[in-house]
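The residues making up each chain are set out below.
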Amino acid sequence: MLSPLLSEQPGNWTENRNVRLDMKTMRYALLLAIIGVLLVACGGGLVDDPQGQTTVGLPPDGSTHPTTPDPGPGIRTSFPFCSDVDQVRAPDDAYRDTPIYVGNEQPVEQVRAWAEKQPGFVTLWVDRERNGWITVAFTEGAELRQQELLDAFPDVGVVAVTVDWTEAELAELQDRVVAVLRSFGWNFSVGSGSTTGYVSAGIGVLSADRLAVLEENFPNENICVSGIDPADAIPDGPQAEGGDDWRLLAAEIDIGKTYWTDIAWNAESYSWLWSDAGISASAPEVDFETEVVIWFGAVYSSGCSGLRLDDVEFDSDRRLVHGRIVLPSSIGAGGCNADARPHAFVVAVPRDQLPDAPFSIQLSDQDPPAGAPEERAIVAADLRVPGSVAPEGSITRGIHDPVPSIPFAGPDEVIEPGFPTRIRMHTHCGVNWVGLNGVTWFAADAPSIPDEWLGQLDEETIVVEVLISEGDPPTLVATANDFSVTYQAVAQDLPGCD
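Residues numbered from 1 in each chain as written. Predicted model: local features only at pLDDT ≥ 70, side-chain atom pairs only at ≥ 80, totals over all residues. Heavy atoms only, no water.

A closer look at helix α3 (residues 142-152)
Step number 1: Looking only at α3, the buried set comprises Ala142, Arg145, Gln146 and Leu149. Each buried residue of α3 sits inside an arc of 105 degrees when the element is viewed along its axis, so together they form one side. In α3, those exposed residues whose orientation departs by more than 90 degrees from the buried face are Glu143 and Asp151.
Step number 2: Buried residues belonging to α3 abut α2 (108-115), β4 (133-138) and β5 (158-162). (Buried < 20%, exposed > 50% of the residue type's maximum accessible area, 1.4 Å probe, protein only. Helix = DSSP H or I, 4+ residues; strand = E, 2+ residues; numbered from the N terminus. Arc of directions from axis to C-beta. Contact = heavy atoms within 4.5 Å.)

This is the structure:
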């Protein structure tokens, strides 16, 4: 996510206060989100919780509410969980089916300029779950303000709501929570609560002693909590020297490349790999008759160093070799800085464990993020044969993969309006309905699947280029095989299908 990031000693903490994001920063935000995805995956339930932050614009992941793991039966607290705290909303009859906003085209600044002149104004935010409408919060007179908003902005999607807090009160509570949590030296995140009235406290592992700190210091105050169920927490521990089918040759931070994998099969390629990785120590001996060397160029955050390689896994069905790289929950559960720094793990693995060629090497069992397809190394040579080598040109990067990592369409997937973007669509129920940018899109005049698209199907999916255009109504054009389907945004949920 994009937010001010403060690194304090003791403890690293993330503050979410009145964060604003426009679509011009979207591409950068999406790159930062890649980092967050890796850290979440490594954290085994890590939730970087911006619940309640004031966000004017589209969040990097397109969502309004972060998800928090369901609390286990052993977690007891008087505070609500942040995943259960909803944004404040107007009554249902205050919303219309139009307009529908798909980017940041809302006249936020004009509405803000008007609202700041009204008594009791608190703040405003964009509600992605209500067609991207603007919500304006007041401590008094919301019913009158609603009518005035209709008069001043008749064609704008905007509602007025009454709240029983002010930003100053929430900021004061947020500062007190930060001060208490910082004193314990934990990694944590604290959100302003400006859309909910609850300051969020991401305290890492939801252990009884951590929850007790909040209970003792903030009884009956508007705080919600998020974190990791102790049963799901990744324990602390040293880096292992190896496992059943791998042995560690080197583990070093701040060297080599991020989002990278590579392989060596003889002394010459081993020398190149070791040099590219930038490892300071001498390269250990490797028996290339029976082994190959793999480099995992992992990614860590400057606020959350401490990645650990727990295993190297061989998936013969997927023809995939990948690491199991984790971040202990005590390090990452409170949130990590949005930067990407390299952490190199180099291992030796038995040749006879490698999958059939061609096979791929990745950092994890998940496909590389959309912004870093080169993470995947594709090995066309059969290196299971003792002493075999990879001919020149037989190692390619994921960017050349004939089936690259293209995200699936869905309400939580976000693309920037005005920029053509490749998206994969499910086709088993036809392609008349699509979810993107938190919006439902419908192609009323299109067949279930256009004939021109049938030859492009791949196991009931199709890759299309989509272009979203803001307007009234907004439109989405999906193109494959030089044939386009035009969709319009509609104010309803995606229908289900069998």
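Picking up after the structure, the text goes on.
Observations concerning the state of the cysteines
Step number 1: On inspection of all chains with the given rule, the structure shows one disulfide.
Step number 2: The disulfide partner of cysteine 82 is cysteine 224, and the S-S distance across this bridge is 2.2 Å. Between cysteine 82 and cysteine 224, the S-S dihedral sits near 95 degrees, and the bridge is therefore right-handed. Here cysteine 224 lies in strand β8 (residues 223-228) and cysteine 82 lies in the loop between α1 (26-43) and α2, a separation of 142 residues in the sequence. There is no split in this pair, since cysteine 82 and cysteine 224 are both buried. (Disulfide = S-S within 2.5 Å.)

Remarks on the pattern of salt bridges
Step number 1: By the definition in use, this model includes 15 salt bridges.
Step number 2: Residue glutamate 172 is joined to arginine 176 by a salt bridge in which the shortest nitrogen-to-oxygen separation is 2.7 Å. In this pair, glutamate 172 and arginine 176 both sit in helix α4 (residues 167-182), four residues apart, roughly one turn of the helix.
Step number 3: Ionic pairing is found between aspartate 311 and arginine 324, a salt bridge with its closest N-O pair at 3.7 Å. Of the two residues, aspartate 311 is situated in strand β13 (residues 308-315) and arginine 324 in strand β14 (residues 320-326); the sequence distance between them amounts to 13 residues.
Step number 4: On the basis of relative accessible area, arginine 324 is assigned to the partly exposed category, the value being 38%.
Step number 5: The network of salt bridges with shared partners includes Arg89, Asp127 and Glu129. (Salt bridge = Lys/Arg side-chain N within 4 Å of Asp/Glu carboxyl O.)

A closer look at the sheet that holds strand β18 (residues 395-397)
Step number 1: The five strands lie next to each other as β13-β14-β16-β17-β18, forming an open sheet whose pairing is mixed. Two strands bound the open sheet, and with one partner strand each, they are β13 and β18. In this sheet, adjacent strand axes meet at a mean angle of 20 degrees when their direction is disregarded.
Step number 2: Where β14 meets strand β16 (residues 359-362), three bridges bridge the pair, whose relative direction is parallel. Looking at the pairing, valine 321 lines up with isoleucine 361 of β16. (Pairing = 2+ DSSP bridges. Axes fitted to C-alpha atoms, helices over the stretch in contact; angles between N-to-C directions.)

Structural notes on unusual backbone geometry
Step number 1: A cis amide bond links threonine 98 with the next residue in sequence, proline 99, at an omega value of 0 degrees.
Step number 2: Secondary-structure assignment places proline 99 in the loop between α1 and α2.
Step number 3: Note the cis peptide between aspartate 472 and proline 473, where omega equals 5 degrees.
Step number 4: Following the sequence through the fold, proline 473 ends up in the loop between β22 (461-469) and β23 (475-480).
Step number 5: The phi torsion at tyrosine 259 lies on the positive side, around 50 degrees, for a residue other than glycine.
Step number 6: Positive phi values are uncommon outside glycine, yet arginine 319 reaches one of about 50 degrees.
Step number 7: The exposure class assigned to arginine 319 is partly exposed, which follows from its relative accessible area of 34%.

Section: the sheet that holds strand β19 (residues 421-426)
Step number 1: Read across the open sheet, the six strands follow the order β19-β22-β23-β24-β21-β20; overall the sheet is antiparallel. Unpaired on one side and paired on the other, β19 and β20 (433-436) mark the two borders of the sheet. In this sheet, neighbouring strand axes are inclined to one another by 35 degrees on average, regardless of whether the strands run parallel or antiparallel.
Step number 2: Two strands pair when backbone bridges link them, and β19 and β22 are joined in this way by six bridges, in the antiparallel orientation. The residue of β22 that forms the bridge with isoleucine 423 is valine 464.

Re the nonpolar core
Step number 1: Within the largest apolar cluster, 50 residues are counted, with the highest numbers of intra-cluster contacts made by Val136 and Val177.
Step number 2: A total of six residues in this core trace back to one element, the largest contributor, which is α4.
Step number 3: If near-sequence neighbours (up to four positions away) are discounted, valine 136 is found in contact with Val111, Ala115, Phe121, Thr123, Leu124, Leu149, Val158, Val159, Ala160 and Val161.
Step number 4: Of all hydrophobic cores here, the second largest spans 32 residues; its members include Tyr259, Leu307, Ile325 and Leu383. (Core = buried A, V, L, I, M, F, W, Y, C linked by side-chain atoms within 4.5 Å.)

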